[in-house]
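# Summary of structural features
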Amino acid sequence: MKPEMNNQEMNLRRQFDFSKATRGKFYSRYSKGHSTTILKGTPDYSDPLDSHKSGLSTRKMGERILESQIRAAGIQIKESLDDNGVDYYLSLESMRNVGKISHPVKLVTSSKETFALHKAYQRTPRTLIAYVWRAHSPSETSVYALTYEEALQIIRAKGYVNTVSWKEKGGYSVTNAGTELKQMLAPFRMTPERWQTKLRAI
């Protein structure tokens, strides 16, 4: 089992890609002595992930954004190891004394503004569908979280349940949300503070 990461490590991982790193590669050289060089000029503190140049996939970017927001909310988040369509399980720290309650999360992430729903999402009870929009621009991203029923209400209100895609293929997806859809999703836009309220309401 992977050890839990603290906020400092999460912030560090958001800024740098360690996926190809080798543990202990420079240990022997470092232990023999090292020096520090102070560079002149103005340092660049821009977020290196705030660009397609990061080389990370849209999926990975969305995962990092969601994980960062969840942890900032003081909520435990663990990746799902099961092949059941669930990506994460969330649990509130305050629930430890009364028995931990896991909330499954399905992640839908995109570089644009994709809102999608599939009938298969309802297989797991209490599943939250988390939408991460504009994943390659963390400074402009939006995160939404809806239960299957909440998302279905929007699909119905927009008339998407009458489409061939929904009726025959069991799902519907729109990649560029218009003004009306954004207004309908506004109550479900997440912040660290809203996550705790959302989980308690399920």
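Residues numbered from 1 in each chain as written. Predicted model: local features only at pLDDT ≥ 70, side-chain atom pairs only at ≥ 80, totals over all residues. Heavy atoms only, no water.

## Quick look at the overall build of the protein
Quick reminder of the rule: Only DSSP runs of H or I with at least four residues qualify as helices, and only runs of E with at least two residues qualify as strands; both kinds are numbered from the N terminus onward. Burial classification: accessible surface area is computed with a 1.4 Å probe over protein chains only, and a residue below 20% of its type maximum counts as buried, one above 50% as exposed, and the rest as partly exposed. Any pair of residues with heavy atoms lying within 4.5 Å of one another is described as a contacting pair. Values of accessible area rely on a 1.4 Å probe in the Shrake-Rupley scheme; residue burial ignores everything except the protein chains shown.
Broken down by element type, the protein carries 7 helices and 7 strands. Counting helices and strands in the order they occur from the N terminus, the protein gives α-α-α-β-β-β-β-β-β-α-α-β-α-α. Each of the 202 residues in the protein was classed as buried or not, and the buried ones make up 38%. In the protein, of all internal contacts separated by at least 6 residues, the share reaching a separation of at least 24 is 55%. Carbon and sulfur atoms form 49% of the exposed surface of the protein, whose accessible area is close to 13100 Å².

## Thoughts on the packing of aromatic side chains
Note the following rule: Only centres within 6.5 Å qualify two rings of Phe, Tyr or Trp (six-membered ring in Trp) as a pair; their planes then separate them into stacked at under 30 degrees, edge-to-face at over 60, and tilted for everything else.
Enumeration according to the criterion identifies 3 aromatic pairs in this entry. Here the aromatic rings of W133 and Y144 are separated by 4.7 Å at their centres, their planes lie at 55°, and the arrangement is tilted. One end of the pair, W133, is in strand β5 (residues 128-133); the other, Y144, is in strand β6 (residues 142-147), with 11 residues separating them in the sequence. Owing to a relative accessible area of 1%, W133 belongs among the buried residues under this scheme.

## Remarks on the nonpolar core
Stated precisely, the cut-off is as follows: Among buried residues, the Ala, Val, Leu, Ile, Met, Phe, Trp, Tyr and Cys ones that are joined through side-chain atoms within 4.5 Å form a nonpolar core.
Formed by 22 residues in total, the largest nonpolar core has its most connected members in L66, I75, L90 and W195. Within the residue set of this core, elements represented by two or more residues are α3 (58-72), β1 (75-79), β2 (88-92), β3 (103-109), β5, β6 and α7 (192-201). In terms of residues, this core owes the most to one element, α3, which gives 4 residues. L117, Y144, W166 and L181 belong to the second largest nonpolar core, which has 21 residues in total.

## Thoughts on the pattern of salt bridges
For clarity, the cut-off: One speaks of a salt bridge when a side-chain nitrogen belonging to Lys or Arg is within 4 Å of a carboxyl oxygen belonging to Asp or Glu.
Across all of its chains, the model carries 8 salt bridges by this definition. One salt bridge in this structure joins R59 and D87, with 2.8 Å as the shortest N-O distance. Pair noted here: R59 is in helix α3 and D87 is in the loop between β1 and β2, with a separation of 28 residues, a long-range link. As a salt-bridge pair, E180 and K158 come within 2.9 Å of each other at their nearest N and O atoms. Of the two residues, E180 sits in helix α6 (residues 179-185) while K158 sits in the loop between α4 (148-157) and α5 (164-169), which places them 22 residues apart along the sequence. Of the residues examined, E180 reaches a relative accessible area of 48% and is grouped as partly exposed.

## Concerning the confidence of the model for the protein
As a reminder of what qualifies: For every residue, the pLDDT score states the predictor's confidence, bounded by 0 at the bottom and 100 at the top.
In the predicted model, the protein carries a mean pLDDT of 81, and the fraction of residues at 70 or more is 72%. Segment residues 40-53: pLDDT under 50, and 18 contacts once partners within four positions in sequence are set aside and those in other chains are kept.

## Details of the sheet that holds β3
Note the threshold: Each pair of strands is called paired provided DSSP finds at least two bridges between the two strands. To get an axis, a line is fitted to the C-alpha atoms, and for a helix only the part in contact is used. The angle between two axes follows their N-to-C directions and goes from 0 to 180 degrees.
Taken in spatial order, the 5 strands make up an open sheet running β1-β2-β3-β5-β6, and their pairing is mixed. Strand pairing shows two members of the sheet lacking a second neighbour, β1 and β6, which therefore form its edges. Each strand of the sheet is rotated relative to its neighbour by a mean of 30°, with strand direction disregarded. In terms of strand pairing, β1 meets β2 through 5 bridges, oriented antiparallel. Bridge pairing in β2 links I75 to L92. This element, α3, spans β1, β2, β3, β5 and β6 of the sheet and lies at about 140° to β3.

## A closer look at unusual backbone geometry
A positive phi angle is found at R134, which is not glycine, with a value near 50°. Its place among the elements puts R134 in the loop between β5 and β6.

## Quick notes on α7
As a reminder, the rule being used: To be clear, the arc concerns the directions from the helix axis to the C-beta atoms.
When α7 is considered as a whole, its buried residues turn out to be W195, K198 and L199. Seen along its axis, α7 keeps its buried residues to an arc of 95°; they face one direction. Opposite its buried face, α7 presents the exposed residues E193, T197 and A201, each directed more than 90 degrees away.

## Some words on α4
When α4 is considered as a whole, its buried residues turn out to be Y148, A151, L152, I154 and I155. One side of α4 holds all its buried residues, which, seen down the axis, span an arc of 160°. Seen from the buried face of α4, the exposed residues on the opposite side, beyond 90 degrees, are Q153, R156 and A157. Immediately beyond the C-terminal end of α4, within one or two residues, lies G159, with a positive phi of roughly 80°.

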